[in-house]
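# An overview of the molecular structure
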Amino acid sequence: MKKRIGSILLLVCMIISIFGSGSIPVSAAAKIRLNKTAVTLRVGEKQRLSLKNIPKNGKVVWTSTSKSKATVSKKGVITAKKPGKATIKAKLTYKSGGKKRTRNFSCRVTIRKKAQSSGKTLVVYFGTPVQKRSGQVDGISSASRTAEGSIYKGNTEYIAELISRETKADLFEIVPKQAYSNIYETVRDRAEQEQEEDARPAIKNEIKNISQYDTIYVGYPIWLAYHNLIQCTQA
Ligand SMILES: Cc1cc2nc3c(=O)[nH]c(=O)nc-3n(C[C@H](O)[C@H](O)[C@H](O)COP(=O)(O)O)c2cc1C
């Protein structure tokens, strides 16, 4: 009996010490942290830094160790100015338990020179094969084909050529190693199988020196957008 009273007393003491002291918070405060501790920017680029989980009464002062290389705004937006390195510092002050507290954070910034702009544009496209001459057109698969006089073109091909003309861009047609049929049902069956296999069909040709382009447009037709939906419904 004595033992039992003893353990009940011990339990009561434990409960009081946990709930009575108020020293154990209901949920531990999330850790204060900077969203980035290192970034690489090109001259002219910007990057926003922010301190996460700061107390409501917290104030942040942002500074840069090298303003000639990278500046930082009052809101923590870095602007890369000159190639080199700089450190962005965030000084957080807040009150906790009636005391003023300070925490320091920093982010290393590497600034690279501006990328050389070639101003070159490339239009890459893929389209379903088309019988080029009128009179040879499959009535089902070619309902959406574009005609220019007596010449028939794929829709993507037509738009790709238009963009390329307007933007003075190079044109590149993706040619699969194994050509697709120009008969709708045949393309559909192959496309269905390829979707199921998550296939990556081999390509015959290759873009030369892709890094020379600043802008690349990619055009392709939508095939079997509903296919996955049907599979989901069936499952
Ligand atoms: C096998 C196949 C499946 C297609 N599936 C869809 C589709 O799910 N949704 C859609 O809007 N168009 C679909 N289309 C129509 C094409 O996206 C459309 O006609 C496109 O403009 C064709 O471009 P192209 O002439 O460059 O091949 C499909 C066409 C083919 C051949």
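Summary of the structure given here. Predicted, not measured: the structure shown is a model, and the values here were computed from it.

## Here's the deal with the overall build of the chain
Looking only at helices and strands, the chain features four helices and 14 strands. The proportion of buried residues among the 235 residues of the chain is 11%. For the chain, contacts bridging at least 24 residues in sequence account for 62% of all contacts bridging at least 6.

## So, the sheet that holds strand β7 (residues 77-80)
Here three strands make up an open sheet; going across it, the order is β3-β7-β6 and the pairing antiparallel. Whereas interior strands pair on both sides, the edge strands pair on one side only; in this sheet they are β3 (46-48) and β6 (70-72). Between one strand axis and the next, the sheet turns through 20 degrees on average, direction left out of account. Sheet analysis places β6 next to β7, joined by three bridges and oriented antiparallel. Bridge pairing links A70 to A80 in β7.

## A few points about the site of the ligand
Around the ligand lies a shell of 18 residues, among which G127, T128, G154, T156 and P221 are the nearest. Those elements that provide at least two residues to the shell around the ligand are α2 (155-167) and α3 (184-197). Broken down by element, the shell around the ligand gets its largest block of residues, four residues, from α3. Considering only residue class, the shell around the ligand consists of nine nonpolar, seven polar and two charged.

## What to know about unusual backbone geometry
Even without a glycine there, the phi angle at N53 is positive, about 65 degrees. Of note, N53 is situated in the loop between β4 (51-52) and β5 (59-64). With 10 C-beta atoms packed within 10 Å, N53 lands in the exposed category. Positioned with a positive phi, L224 is a non-glycine residue whose angle comes to about 55 degrees. Along the chain, L224 falls in the loop between β14 (215-219) and α4 (227-234). By the C-beta count within 10 Å, which is 14 here, L224 ends up partly exposed.

## Details of the nonpolar core
Listed in full, the 12 residues of the largest apolar core are L49, W62, A70, V72, I78, A80, A86, I88, A90, C107, V109 and I111. Among the elements of the structure, β6, β7, β8 (84-96) and β9 (99-112) are those that each provide at least two residues to this core. The residues touching A90, leaving out its near neighbours within four places in the chain, are L34, L49, L51, V60, W62, G76 and F105.

## Here we look at the sheet that holds strand β10 (residues 121-125)
The strands making up a sheet are joined through hydrogen bonds of the backbone, oriented either antiparallel or parallel. Taken in spatial order, the three strands of this open sheet run β13-β10-β14, and their pairing is parallel. Edge positions in the open sheet fall to β13 (170-173) and β14, since each of these has one partner strand only. Here the strands of the sheet are splayed against their neighbours by 20 degrees on average, with no regard to which way each runs. By the bridge criterion, five bridges tie β10 to β14 in an arrangement that is parallel. Bridge pairing in β14 links V124 to V218. The sheet strands contacting α2 are β10, β13 and β14, and the helix crosses β10 at an angle near 175 degrees.

## Side note on α3
Taking 1.5 Å per residue as the helical rise, α3 with its 14 residues ought to reach 20 Å, and the 20 Å between its terminal C-alpha atoms agrees with that figure. Note on α3: the residue one or two positions beyond its end, D198, has a positive phi of about 50 degrees.

## Things to note about the pairing of β8
The pairing of β5 with β8 spans six bridges and is classified as antiparallel. Pairing of K59 across the sheet is with T93, part of β8. Here 13 bridges tie β8 to β9, and the two strands are oriented antiparallel to one another. Counterpart to S96 in the pairing with β9 is K99. In sequence, β8 turns back onto β9 through a hairpin of two residues, with G97 there showing a positive phi of about 60 degrees.

Cut-offs applied
- Once a new chain begins, its residue numbering starts again from 1 and follows that chain's sequence as written.
- Only residues with pLDDT of at least 70 get local features here, since the model is predicted, and only at 80 or more are side-chain atom pairs given and counted; chain-wide, interface and lining totals rely on the full set of residues.
- Each helix is a run of DSSP H or I of at least 4 residues and each strand a run of E of at least 2, with the numbering of both proceeding from the N terminus.
- To assign burial, the other C-beta atoms lying within 10 Å of each residue's own C-beta are counted, with C-beta atoms placed from the backbone; 20 or more indicates buried, 12 or fewer indicates exposed, and intermediate counts indicate partly exposed.
- C-beta atoms are first placed from the backbone for all residues, and any pair lying within 7 Å is then listed as a contact.
- For two strands to count as paired, DSSP must find a minimum of two bridges between them.
- In this description, a line fitted to the C-alpha atoms serves as the axis of each element, helices being fitted only across the stretch in contact, and the angle between N-to-C directions of two axes falls anywhere from 0 to 180 degrees.
- Residue proximity rests on one test: whether the C-beta atom, placed from the backbone, lies within 6 Å of the molecule or strand.
- Charged residues are taken to be Asp, Glu, Lys and Arg, nonpolar residues to be Ala, Val, Leu, Ile, Met, Phe, Trp, Tyr, Cys and Pro, and polar residues to be all remaining types, Gly included.
- A set of buried residues qualifies as a nonpolar core if it consists of Ala, Val, Leu, Ile, Met, Phe, Trp, Tyr and Cys joined through C-beta atoms within 7 Å.
- To estimate how far a helix should extend, the number of its residues minus one is multiplied by 1.5 Å.

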